[in-house]
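If you want the building blocks of each chain, they are given just below.
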Amino acid sequence: MSRRVVVALLGPVTWTPPGIEPARWRTALAEDVVDLLATLNEVETAVAVTAQDRWLADAVVWPGTPVYEVPEPTPNAVFAALDGPAAVYDQVAVVVADAPDVPGLTLGKLLRPLTTRPVAVAPAEGGGTGLLGVAARLPVPAWLPALDLDRTGPAEVRRAAPSPGDVAVTAGWHRMRGPADLAALDPAVEGWEATRALLSGRPA
């Protein structure tokens with residue numbers, strides 16, 4: 001059986017709701033995503049962060065969760081940290097930390113195509129471009145382009161592949177990058193407790 005890991009990349013957050021301190025908002029989002037990863041079955045979980053943001057990882061990880069320090073907050077840097085002769089994983093998924101209510105099933109679908117495809121991407125829904133996450137078999141294909149989760153789209157990754165069919169496009173989800181995304185949060189959906197508490201004015 002393939003050994004798989006889902007890594008929450010605690011990169012910069014591009015937007016904060018008015019009246020909320022940016023660091024508290026970023027922490028709440030990351031906490032909810034990390035808590036979700038802890039519920040996933042048949043995969044291992046980890047966090048990746050730059051050295052200057054190690055404080056954020058320390059604030060949200062569960063005991064024993066691996067934390068990878070990367071030189072830049074990109075999927076390529078995460079893949080490089082987990083690839084190589086000493087690699088312990090066969091498949092790696094890197095997901096954003098600003099989608100607090102993303103369903104676990106959506107993240108599971110990101111890994112599923114790797115049985116037949118070398119790369120899979122999940123688009124960010126709503127306004128703007130970017131990705132919810134990207135997954136790859138190790139070793140990572142040499143043709144994989146530099147990925148920016150805020151700007152790279154599925155079409156760009158497919159264009160870089162030898163064949164468009166080498167890149168599976170899976171279900172997407174909204175990220176918290178503007179007022180419209182905030183409005184998409186469903187209070188009836190379980191989870192995203194830290195974000196919910198912060199938005200309601202309760203102590204996070």
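Heads up: the structure comes first, above all this text.
Figured I'd write up the structure that's included with this text. (Residues numbered from 1 in each chain as written. Predicted model: local features only at pLDDT ≥ 70, side-chain atom pairs only at ≥ 80, totals over all residues. Heavy atoms only, no water.)

1. Thoughts on the packing of helix H1 (residues 22-37) against helix H7 (residues 193-200)
Piece 1. One can describe the packing of H1 onto H7 by two numbers: an axis separation of 7 Å at closest approach and a directional angle of 150°. As the angle between them shows, H1 and H7 are arranged roughly antiparallel. Residues Arg-24, Trp-25, Ala-28, Leu-29, Glu-31 and Asp-32 of H1 touch H7, and the partners they reach there are Glu-193, Ala-194, Thr-195, Leu-198 and Leu-199.
Piece 2. By residue class, the composition of the contact of H1 with H7 is six nonpolar, one polar and four charged. (Axes fitted to C-alpha atoms, helices over the stretch in contact; angles between N-to-C directions. Helix = DSSP H or I, 4+ residues; strand = E, 2+ residues; numbered from the N terminus. Parallel < 35°, antiparallel > 145°, perpendicular 65-115°, else oblique. Contact = heavy atoms within 4.5 Å. Nonpolar A, V, L, I, M, F, W, Y, C, P; charged D, E, K, R; others polar.)

2. Description of the pairing of strand E6 (residues 131-137)
Piece 1. Burial within E6 is extensive, with six of its seven residues counted as buried.
Piece 2. Of the strand pairs in this sheet, strand E4 (residues 91-96) and E6 are connected by five bridges, and their pairing is antiparallel. When the sheet's bridge partners are listed, Val-95 is paired in E6 with Gly-133.
Piece 3. Where strand E5 (residues 119-125) lies against E6, five bridges are found, and the strand directions are antiparallel. (Buried < 20%, exposed > 50% of the residue type's maximum accessible area, 1.4 Å probe, protein only. Pairing = 2+ DSSP bridges.)

3. Details of the environment of Thr-39
Piece 1. Take Thr-39: it is sitting in the loop between H1 and strand E2 (44-49).
Piece 2. For Thr-39 and Gly-104, which are 65 residues apart along the polypeptide, the C-alpha to C-alpha distance reads 7.8 Å.
Piece 3. From its side chain, Thr-39 meets the backbone oxygen of Leu-36 in a polar contact 2.7 Å long. (Polar contact = N/O pair within 3.5 Å; in protein donor to acceptor, adjacent residues only side chain to side chain.)

These figures capture arrangement, not role.
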